[in-house]
Amino acid sequence: MTRYVMVVDQSRCIGCQSCTVACRTWNDLPLDIIYNPVVSEGTKGTFPDVYRTWTPTQCMHCANPECVPCCPTGASQQDDDGTVWVDYEKCMGCKVCVNACPYGMRDVSHMVPRFDQYVRKCTFCRSRRAQDPAAEPYCVATCHQRARIFGDIDDPESEVSKLINTNYTERIFTELGTDPQIYYIPEMGGGAR
Amino acid sequence: MKHHYWEAPIVIYLFLGGLGGGIFFLSALFDLIITPGAGPLFFAPVFFALAALALGCFFLVFELGQPPVFWRVFTTKTAIIKWGAVLLSVAMIFGFVWWASYLYVLGWEWTFGLAAALEGIRPIMLGIAGIAGFGIMVYTGVMLSTLKAHAFWATPALPVLFTVSALSTACAAIALSLGGAVDVNVIGAVVAELIHEIVHVVDIVLVVAEITVLLIMVLSFYGAGNVTAQAVAKRWVRGKTAPLFWGGMIFGGLVLPLLLYILAAGSAGSEILAPILVLCGGLLLRYLCVYSDERAPIPGEERFYERLPKKDAAFLTAWTKGKNLY
Amino acid sequence: MGNEIDIHAPGVEMRKSLCYFCHANCGVLAYVKDGEVIKIEGDPNYSNQGGLCCRGNSALLHLNHPARINHALKRVGKKGEGKWEKIPYDQAIAEVAERLNQIKEESGAEAVATAGGTTRTDDWARRRFMNQFGSPNGFHNALLCWIPTFMAETCVAGWSPFETDLGQAKVVMLWGMNPGASSLGAMRGYTDLQKNGMKIIVVDPRYSETASKADLWLPLRPGSDSALALAMLRTIIYEGLYDFAFVRDWCQDFEELREHVRDYTPEWAAPLTWLTPDQIRTAARMYAGNKPGCIQWGCTWDQLGTASTTTSLTLALMRAICGNLDVPGGDGMPGPALNFLTDEEMEANECLPEEQKAKQIGSDKFKLTSWPGYTLISDNARRTWGKTLPAEWFCEAHGPSVFKAIITGDPYQIRGLIVNATNPVNSYGDAKMTLEALKKVEFLVTVEYWMTPTALLSDYVFPAAGALERPTIVTHYGATDSFLGGKRAIQPLYDRHTDMTFWRKLGLACGQDPDMWPWETEEEAYYHILKPLGLAINCYNDFVDNYRMYYPPLHQNKYVANGGFWTPSGKVECNSSILRELGYAGMPTYMGCSENEIDDPEVAEKYPIVLTTGGGFMPYHHSEHFQMPSIRYLYPDPYYTLNPELAGKLGIAEGDWCWIETRRGRIKMRANVSPEIHPNVVYCPRGWWFPERDGSADLDNPFGCLESNTNVLTSVDDWDCDPMGGSWANRGLLCRVYKCTELDHEYKPSDAQWSIPGDSPEPGVTVMPSDQHLAREKVPFEVPEMEPAPEGYYRVWQNGQLYQAGTHFRLDESGWLVNPRTKGYHDAYTGWRYDPETELLVDDETGKCYDMAREEVVFVAGVRCYPGQAAPYEVPEQLTWNEEAGYAQLNDKPYVYDPASGWLLDPATGAYHEAYYGWLYDGATGQLVADDGTRYTMEYNPIEAEEAQAASATDEEEGA
């Protein structure tokens, strides 16, 4: 089986937002739809003893997604490879999945015509991968810092497997039982690691 | 917090759904069990129930991103929203048939035949509508409480609260509209009086119960909820929402009608003002709850969204695609 | 849905392009269908490894943005009114040319100036136009970006050591540089190498994106860089951390330097830099103790105002004495492109008369970066490298002085200004004065993508072709020996034209010689540049498709092979002779930045907070991209950064709009309250304007270009500029900060009040530019007495050697000229090159050869002939010596005997014939063919016809 996941190396991320903008242009998203914000609490500490980390976020493509069973139309669904996506042909825009997502990673745009609003979310660039099976999601391809790494966790030889097996990783809100599939290698402080 | 995904239409829908469901449930209870034969007295309340559900459905569909394809809601088996939609439809269809069978009370001759034809199935119709109505009351709360992303919603207290509130508002609506459009004396003023009495007492109980459940829920979140739920509770108890909660919800929507019910029984204050206050309280409760959709933020998320432009930022609309300036 | 576009569908062509939004010029793959770019993505096989930043990813939006200027616009209303007539491009060119020629006739060519911003490729075309037009007054933001540093470094070691060889470096110092927000490709490299053990030292007052990943972060007081650099240099020298052998063998005047920096102790620097002596020592030890190491150039060095070149000179010396120059893992010195044409060779500098050079504005004050300094450095480069650095960028008018000249007529009136690829109000210092100059200049032409404040005030606006519409090359301002290229994805849309086309068309319309503009397209020009490489290409696009980049074989330690550094003395000059000749000190002497609390206590009393401006920040680039909604959405408002402690003191909360005020004016920005900066420092990002507004509505502040523009705060007064390079003051200024109140929230006309000098409380001109003094007095210098040079030669005072005028070849003791590029000898009388292989003189222009008596030597079919002489080599017996022609031949066959190979050569075909029967050698089969067609093996055994046929048939099959 193939199970796609993403590893985010926070020790490499510098918060440039390239992935955020890249995603918007590649997917031609309305302005108010952001699939993958790079968030940060800002600089912490007292000058000059300060630190800062960035958290690139996106749909967690949970193994146990909240947003799929709640969908009344079956538009919100999950592929066998773990990709959670919304079929725009089926969605009616009720936003129950939007409310169900604990990560705030779905929304409808308010900048498209009223009554033409469906739920949008990250699909791990499903159509891009369908066109070219070797392609990575665009946010991964465009990341200068290679802070985002995409791959098959069921393949022990894949880069993501190796990273997850050899690094301490964290995931967000695991307590909700969603089993999110974005693995974070946290920043452990400046300097050579 | 990005923004509220669900807004006013959903507030109204949840209120009207609960109200309509409650009226169906209570009507069935009275007509079929407590005071059999009181059917015509419930002609007006059921009309309001139907109107409430229809209006609620309108707001629900209006809130959709793509209203023309609302029928897609029926295309899966399991989703809770789908069950809500089914219950609404069932309640409205069966309730309507029951109500249509009493149209003769309006004296329209063309409806006499209808009444005769439907007379036999009235109990079944109202029975099904009543059960569906009960389902709707519970469903409005359950739907929010299953969305565990929102800590303030994800509590079993919420369905209880919504159900109690729905029943309470239904009592109020029945109190206001019982026997409307019919000549009560013809059917039985005694029965009407009896129902008024029962509804009066029941609503007192329900209001007390609602105060209890509401305070337990809010104060327990306030005292011991997780960070997000606690933040919401704090907002309710002593934050931005506090005037609305204490003044509007607790006092205006519950305590004041309770006092009127008890101390001014029989007066217009008890029979008209108090039920109206209860209805307003019910709407306010849905409003407060729906707008308490705080989600635990990913660290830094709030800072990110705070810095995004306001909706009226000039650059958002300064340049239109396809339009060449120079 | 946009993401349904299939880039793999039939009919979609992928074109290798380069990004055009900053100098990193990342590789971009453009997918083109039916002449339309449908998608772009980063090129995974280019140095960016598929990466693209916010700006690069927005290329399609940029291409099709509704606010792009698509047609030539002629002003029909009043200046700034925003009323335009769309006219054909060529008509606009003709009208502008007529006006320029008129100005030239009336006031001289120097009355026309041209302003640029940061580097875009093909700036040589601008210079080519200006040189032929006759004006020396072209300028860019060069002085804020690398050029003064380059010149100072070149004075020390003969070229700027800017190509860091990080792969083998153990430490890199990122000083005043934040690649994490400016050049992401580089940041990735640093990150990767750091994970492999390289140390990163970041010198930055702010806890920047890069500082957040550093091994050592030095949060110095903004602008105190020269004190820190001097203290580190002193520490390295006095703790003996430098490279003793290198200093002994390759450095001149080191002892003088040691004495000179004696007092610059870390304890001396501590109160100036707000660092502890320990921090300074730690940094010095970390850099010098981890050899080899790199110091990456940072923009800050050139934006300190008075202390700019002092700092870069100090750092140049620091890396030199640590032995990090031109070594593996150190700072590589590429030198000019020796294997293809340099930008300088494309500039036609010979067209600009000497008397015009002398008129260059600012060249009397800031000599290092204008004709006086450039001439010394460039002539030296010609003597040492054989080629030189471009005049564009490295030899320019002083931009702010040109703007002042427009307003004051001092030293003379500038009447015409062509602005190409910049918006000076936002990118040059003292924005209010600059805006006034743009309003006042008699004739303003702008070549732009957007309706900028400058374009709005113009008489003509030309639409510029941008990313994806033009081929792009990377040659680092024409100062390196490598070359990277990308194709255009599509031809320019609408009536947009590339910059080179603009200058070419304008040049031709002004009456310039068409032979001087032989290239109609960039592709033709680039092919011309690349031709000398001798690659297997027929056009520029071939180069991109097949090579994409050219790097000369990695050549480090070139100074060893060269026998010295490329300075006049051949050594690293610790006391630079070129700087001294220009009237500056040859060694770095401390100078505070333009405004600081120690030198100007009375200013600090009123403006107690230190301000730093000019830092780059994602997602914008300089003053660009504020129109791009997908970018702007993430960063809609200008935010300045202040420490929570200061914010508390001033009653400022996160997100509050605040005024930031210096002696020159005030701007407003929103507060980003963060401990990433010292409690007495605020950091303002640059560039802000608001293109979404109606520019004509408020001509005091068109498009809000002054409202949040940090350049309102910066200073271009001569005493605030670097006395050598002319950089103006962006960093370490003194300011005060206060919250916008209800009554004082709007930008008022009085806020736009300008003055010269900028810090004058009086509006208008109070001190004429020529009366403004410099920050430092000139140091008198006289060239030592020397034996006069013979005619046609000149003598270099530093080494006493004679050089031929014009070629700059050194006259050797042997009487031969030495070509510095090839190290080959040339005949001193004729200039002919001596070819040691043939022992002949070669005239490279005609290709003819001469013997040592300068008699022409004849070659037939590549074989040297000796007409009228006896055979100088042994002639095989079957051949006869043709004395008249001077070669041996077989009977009367027209073949020439080649004594080197023993074969006969047919001059008509170049084919080989064997020397006994004259049979043709068939290279395809390895057989000999007699005149009658009979074939023979090499052993003269005949081959049967069938056999031969069979053999050739087999060959064909194999060939197929």
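Please read these numbers as outputs of a predicted model, since none were measured by experiment.

Q: When you look at the overall build of chain B in this model, what are you seeing that I'm missing?
A: Counting its regular elements, chain B contains 13 helices and zero strands. Starting at the N terminus, the α and β elements of chain B follow one another as α-α-α-α-α-α-α-α-α-α-α-α-α. Along the first, second and third principal axes, the C-alpha set of chain B runs to 75 × 50 × 40 Å. Counting the 326 residues in chain B, one finds 54% classified as buried. Partitioning the intrachain contacts of chain B with sequence separation of at least 6 by distance along the chain shows that 77% fall at a separation of at least 24. Summed over all atoms, the accessible surface of chain B reaches about 13,600 Å², with 73% contributed by carbon and sulfur.

Q: Teacher, can you tell me more about the overall build of chain C here?
A: Assigned secondary structure in chain C consists of 27 helices and 48 strands. Here the C-alpha radius of gyration of chain C, 32 Å, is about what a compact globule of 960 residues would show, namely 30 Å. Referenced to the eigenvectors of the C-alpha coordinate spread, the extents of chain C come out at roughly 110 × 70 × 60 Å. By the burial criterion, 64% of the 960 residues in chain C qualify as buried. Look at the contacts in chain C between residues 6 or more apart in sequence, and 68% of them connect residues 24 or more apart. When the accessible surface of chain C is summed, it comes to about 33,900 Å², and 49% of that surface belongs to carbon and sulfur atoms.

Q: Before we go on, may I ask you to explain the interface of chain C and chain A in this structure?
A: How big an interface is tends to be reported as the loss of accessible area on association of its parts. With 53 residues of chain C at the contact, the number on the chain A side is 49 residues. Around 4,200 Å² of area is buried between chain C and chain A when both sides are counted, 56% of it from carbon and sulfur atoms. On inspection of chain C and its partner chain A, the count reaches four salt bridges. The shortest N-O distance in the salt bridge between A:R52 and C:E676 comes to 3.9 Å. Applying the counting rule to chain C against chain A returns 20 residue pairs in polar contact (both at pLDDT 80 or more). Every element with two or more residues in the side of chain C that touches chain A is listed here: β3 (36-42), α1 (54-57), α6 (184-195) and α25 (629-632) of chain C.

Q: Would you mind going over the domain arrangement of chain C with me for this structure?
A: Residues and elements named next belong to chain C. What the domain assignment reports for chain C is domain 1 (2-63), domain 2 (72-147 + 337-550), domain 3 (161-332), domain 4 (601-771) and domain 5 (789-854). Taken over C-alpha atoms, the centre of domain 1 sits 27 Å from the centre of domain 2. Contact residues are listed per partner, giving 23 residues for domain 1 and 29 residues for domain 2. Buried surface at the junction of domain 1 and domain 2, summed over both partners, amounts to about 2,100 Å²; 62% is from carbon and sulfur atoms.

Q: Even after reading the chapter, I still don't get the interface of chain B and chain C, so can you show me in this structure?
A: On the side of chain C, 24 residues touch chain B, which itself brings 16 residues to the contact. Between chain B and chain C, a total of about 1,800 Å² is buried, with carbon and sulfur atoms accounting for 65% of that surface. On the chain B side of the interface with chain C, the three residues burying the most area are B:R307, B:W319 and B:Y326, jointly 50% of the side's total. In this structure, the connection of chain B to chain C is made through one salt bridge. A salt bridge links C:E654 to B:R307; its shortest N-O distance comes to 2.6 Å.

Q: Help me understand the packing of aromatic side chains, please; the structure alone is not making it clear to me.
A: Residues and elements named next belong to chain C. Scanning all chains against the criterion turns up 90 aromatic pairs over all chains. Aromatic pair F543 and Y547: ring centres 6.1 Å apart, planes at 20°, arrangement stacked. Under the relative-accessibility criterion, Y547 is labelled partly exposed at 33%. Taken together, a centroid distance of 5.9 Å and an interplanar angle of 25° make the contact between Y794 and Y803 stacked. One Lys or Arg, R666, reaches over the ring of W659 and ends 3.6 Å from the middle of that ring.

Q: Looking at this model, I keep getting lost on the sheet that holds strand β19 (residues 483-486) of chain C. Mind explaining?
A: By way of backbone hydrogen bonds, the strands of a sheet pair with one another, either parallel or antiparallel. Residue and element names in this part refer to chain C. On the basis of which strands lie adjacent, the open sheet formed by three strands has the order β18-β19-β20 and antiparallel pairing. Each of the sheet's edge strands pairs with one partner strand only, and the pair in question is β18 (472-474) and β20 (549-550). Of the pairings in the sheet, the one linking β18 to β19 comprises three bridges and is antiparallel in character. The residue of β19 that forms the bridge with I473 is G485.

Q: Quick question: what am I supposed to make of the sheet that holds strand β26 (residues 681-684) of chain C here?
A: Residues and elements named next belong to chain C. Strand order in the closed barrel formed by six strands is β22-β26-β23-β25-β24-β27, with mixed pairing between adjacent strands. Across the sheet, the mean angle from the axis of one strand to that of its neighbour is 45°, orientation sign disregarded. The pairing of strand β24 (residues 657-662) with strand β27 (residues 731-739) spans four bridges and is classified as antiparallel. Note that in β27 the partner of C658 across the bridge is K739.

Q: Looking at this structure, I do not really get the pairing of strand β15 (residues 416-420) of chain C. What am I missing?
A: The side chains of a regular strand alternate between both faces of the sheet. Residue and element names in this part refer to chain C. Summarising burial for β15: five of the five residues are buried, a large majority. Because side chains alternate across β15, one face comprises the buried residues G416, I418 and N420, and the other comprises L417 and V419, equally buried. Of the pairings in the sheet, the one linking strand β6 (residues 112-115) to β15 comprises four bridges and is parallel in character. By the bridge assignment for β15, A115 is matched with V419. Across five bridges, β15 lies against strand β16 (residues 443-448) in parallel orientation. Counted as the bridge partner of L417 is L444 from β16.

Q: What should I look at first to understand the nonpolar core in this one?
A: All names here are of chain C. One finds L417, F462, L506 and Y640 to be the most contacted residues of the largest nonpolar core, which totals 340 residues. If we skip the residues at most four places from it in the chain, Y640 touches I652, C658, I660, M669, R670, A671, N672, V682, Y683, C684, P685 and V737. The next biggest cluster of nonpolar side chains, apart from the first, holds 86 residues, and it includes L220, M232, L313 and W566.

Q: Whenever I open this one, the environment of C:Y921 confuses me. Can you help?
A: Its place among the elements puts C:Y921 in strand β45 (residues 920-922). Contacts of C:Y921, omitting those with residues within four sequence positions, involve C:W903, C:Y912, C:H913, C:G926, C:Q927, C:L928 and C:M938.

Q: Sorry, what's going on with the packing of helix α9 (residues 227-238) of chain B against helix α10 (residues 242-263) of chain B here?
A: The packing of two helices is summarised by the inter-axis angle and the distance between the axes. Residue and element names in this part refer to chain B. At a minimum axis distance of 5 Å, the contact between α9 and α10 shows a crossing angle of 60°. Judged on the interaxial angle alone, α10 and α9 are oblique. In this structure, α9 uses R235, W236, V237 and R238 to contact α10, whose residues at the interface are A242, F245 and W246. Grouping the amino acids of the contact of α9 with α10 by side-chain chemistry returns five nonpolar, no polar and two charged.

Q: Explain empty space enclosed by the protein here, please?
A: A probe matching the size of a water molecule, rolled over the atoms, marks out where space remains unfilled. Summed over all chains, the structure comprises twelve cavities of 30 Å³ or more. Volume-wise, the largest cavity comes out at about 610 Å³. Together, 30 residues line the largest cavity, and A:R52, B:R303, B:R307, C:M618 and C:Y635 are the ones closest to its centre. Among the secondary structure elements, those contributing two or more residues to the lining of the largest cavity are β2 (38-39) of chain A, α12 (301-306) of chain B together with β23 (639-642) of chain C.

Q: Any chance you could explain the pattern of salt bridges here in plain terms?
A: Proximity of charged atoms lets side chains of opposite charge pair with each other. Overall, the coordinates contain 70 salt bridges over all chains when judged by the stated rule. A salt bridge links C:D192 to A:R12, with the nearest nitrogen and oxygen atoms 2.4 Å apart. In this pair, C:D192 sits in helix α6 while A:R12 sits in the loop between β1 (4-9) and α1 (18-26), so the two residues belong to two different chains. For the salt bridge of C:E442 with C:R99, the shortest nitrogen-to-oxygen distance reads 3.4 Å. Of this pair, C:E442 sits in the loop between α17 (431-440) and β16 while C:R99 is found in helix α3 (residues 89-107), placing the two residues 343 residues apart along the sequence. Looking at C:E442, the relative accessible area reads 35%, which means it is partly exposed. The exposure class of C:R99 is partly exposed, given its relative accessible area of 27%.

Q: For this particular structure, what's the right way to read the side chain of C:S427?
A: Residues and elements named next belong to chain C. Relative to the assigned elements, S427 resides in helix α16 (residues 424-427). Residue S427 is classed as buried on the basis of its relative accessible area of 16%. Here T422 takes part through its side chain, which lies 2.9 Å from a polar atom of the side chain of S427. When sequence neighbours within four positions are dropped, the list of residues in contact with S427 reads N141, L144, T422 and N711.

Q: Which parts of the structure should I look at to understand the layout of surface pockets?
A: Empty space within the second largest pocket amounts to approximately 1,100 Å³. In this structure, the second largest pocket is lined by 38 residues; those nearest its centre are A:D28, A:L29, B:K321, C:L61 and C:P629. Every element with two or more residues in the lining of the second largest pocket is listed here: α1 of chain A, α13 (315-318) of chain B together with β3, α2 (59-63) and α25 of chain C. In terms of residue count, β3(C) provides more of the lining of the second largest pocket than any other element does, five residues in total. Grouping the amino acids of the lining of the second largest pocket by side-chain chemistry returns 19 nonpolar, twelve polar and seven charged.

The rules behind the values
- Residues numbered from 1 in each chain as written.
- Chains lettered and ligands numbered in written order.
- Predicted model: local features only at pLDDT ≥ 70, side-chain atom pairs only at ≥ 80, totals over all residues.
- Heavy atoms only, no water.
- Helix = DSSP H or I, 4+ residues; strand = E, 2+ residues; numbered from the N terminus.
- Buried < 20%, exposed > 50% of the residue type's maximum accessible area, 1.4 Å probe, protein only.
- Contact = heavy atoms within 4.5 Å.
- Areas by Shrake-Rupley, 256 points an atom, 1.4 Å probe, with all protein chains shown as cover.
- Rg over C-alpha atoms; globule rule 2.2 N^0.38 Å.
- Buried area = accessible area lost by both parts, 1.4 Å probe.
- Salt bridge = Lys/Arg side-chain N within 4 Å of Asp/Glu carboxyl O.
- Polar contact = N/O pair within 3.5 Å; in protein donor to acceptor, adjacent residues only side chain to side chain.
- Domains from an automatic or database assignment.
- Phe/Tyr/Trp six-rings, centres within 6.5 Å; stacked < 30°, edge-to-face > 60°.
- Lys NZ or Arg CZ within 6 Å of the ring centre and 35° of its normal.
- Pairing = 2+ DSSP bridges.
- Axes fitted to C-alpha atoms, helices over the stretch in contact; angles between N-to-C directions.
- Core = buried A, V, L, I, M, F, W, Y, C linked by side-chain atoms within 4.5 Å.
- Parallel < 35°, antiparallel > 145°, perpendicular 65-115°, else oblique.
- Nonpolar A, V, L, I, M, F, W, Y, C, P; charged D, E, K, R; others polar.
- 1 Å grid on protein atoms, 1.4 Å probe; cavity = no way out; pocket = protein on both sides within 12 Å on 5 of 7 lines; lining within 4 Å.
- Points joined across faces, edges and corners; volume = space filled by probe spheres on them.

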